[in-house]
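Residues per chain, in single letters:
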Amino acid sequence: MNLLKDSFSAANMQGLMCLNQLSIDWEGYVYDCDFNQMLNMNIRHPVKRHKLHISEVLKTCLENIPVSIADHCYGCTAGQGSSCGGAIA
Ligand code: SF4
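First, a word on scope: everything that follows refers to the structure included in this document. Model, not experiment: these values are computed from the prediction.

A word on the overall build of the protein chain. Helix and strand counts for the protein chain stand at four helices and two strands. The order of helices and strands in the protein chain, counted from the N terminus, is α-β-β-α-α-α. The C-alpha radius of gyration computed for the protein chain amounts to 14 Å, which stays within 12% of the reference 12 Å derived for 89 residues, consistent with globular compactness. Evaluated residue by residue, the protein chain yields a buried proportion of 19% over its 89 residues. The long-range fraction of contacts in the protein chain, counting pairs at least 24 apart against all pairs at least 6 apart in sequence, stands at 49%.

Following this line, the structure appears as structure tokens:
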């Protein structure tokens, strides 16, 4: 974990999947990225707080919903995490 934290690079931030893509599971529930999907860290409806479903995405403003983050995000900021296309760096 220290190696990941010490490997932080601001240049990797623009490549983070969670900034411009979604991950969707087989039931249609949406996540900030595939890492969050595997950890069951769902995007929640901003008002009703239930797990957001793809059928609601077009009528829900996602801009004001904060990305769910945890220690695994240090993998991304180190350039080795989720970009929906392999390593960022
Ligand atoms: S693991 Fe964290 S930083 Fe990486 S894409 Fe997912 S939410 Fe964003």
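There's plenty left to go through after this.
This next bit is on the site of the ligand. Within the structure, the ligand sits among 14 residues, and C18, C33, F35, C73 and C76 are positioned closest to it. Those elements that place two or more of their residues in the shell around the ligand are α2 (34-38) and α4 (73-77). Looking at the shell around the ligand, its residues break down into nine nonpolar, four polar and one charged.

Bringing the environment of C61 into the picture now. Relative to the elements of secondary structure, C61 occurs in the loop between α3 (54-57) and α4. Between the alpha carbons of C61 and P46 there is a distance of 8.3 Å; along the sequence they are 15 residues apart.

Quick look at unusual backbone geometry now. Here the phi dihedral of N40 falls at roughly 55°; this positive angle occurs in a residue that is not glycine. Here N40 is to be found in the loop between α2 and α3. Positioned with a positive phi, R49 is a non-glycine residue whose angle comes to about 70°. Locating R49 in the fold gives a position in the loop between α2 and α3. By C-beta crowding, R49 is classed as exposed, having 8 other C-beta atoms within 10 Å.

With that settled, consider the nonpolar core. If you look at the biggest cluster of nonpolar residues, it comprises 11 residues: L16, M17, C18, V30, Y31, C33, F35, I43, L52, C73 and C76. Broken down by secondary-structure element, the contributors of at least two residues to this core are β2 (30-31) and α4.

A few words now on the environment of E63. As for its placement among the helices and strands, E63 is situated in the loop between α3 and α4. Sequence separation between E63 and L19 is 44 residues; the distance between their C-alpha atoms is 9.7 Å.

Right, let's talk about the environment of S23 for a bit. Structurally, S23 is set in strand β1 (residues 23-24). Classification of S23 as partly exposed rests on a count of 19 C-beta atoms within 10 Å. Residues S23 and I54 lie 31 residues apart in sequence; the distance between their C-alpha atoms is 9.9 Å. What S23 contacts, discounting residues up to four positions off in sequence, is Y31, C33, D34, N36 and Q37.

Conventions we followed
- Residues numbered from 1 in each chain as written.
- Predicted model: local features only at pLDDT ≥ 70, side-chain atom pairs only at ≥ 80, totals over all residues.
- Helix = DSSP H or I, 4+ residues; strand = E, 2+ residues; numbered from the N terminus.
- Rg over C-alpha atoms; globule rule 2.2 N^0.38 Å.
- Buried ≥ 20, exposed ≤ 12 C-beta atoms within 10 Å, placed from the backbone.
- Contact = placed C-beta atoms within 7 Å.
- Near = placed C-beta within 6 Å.
- Nonpolar A, V, L, I, M, F, W, Y, C, P; charged D, E, K, R; others polar.
- Core = buried A, V, L, I, M, F, W, Y, C linked by C-beta atoms within 7 Å.

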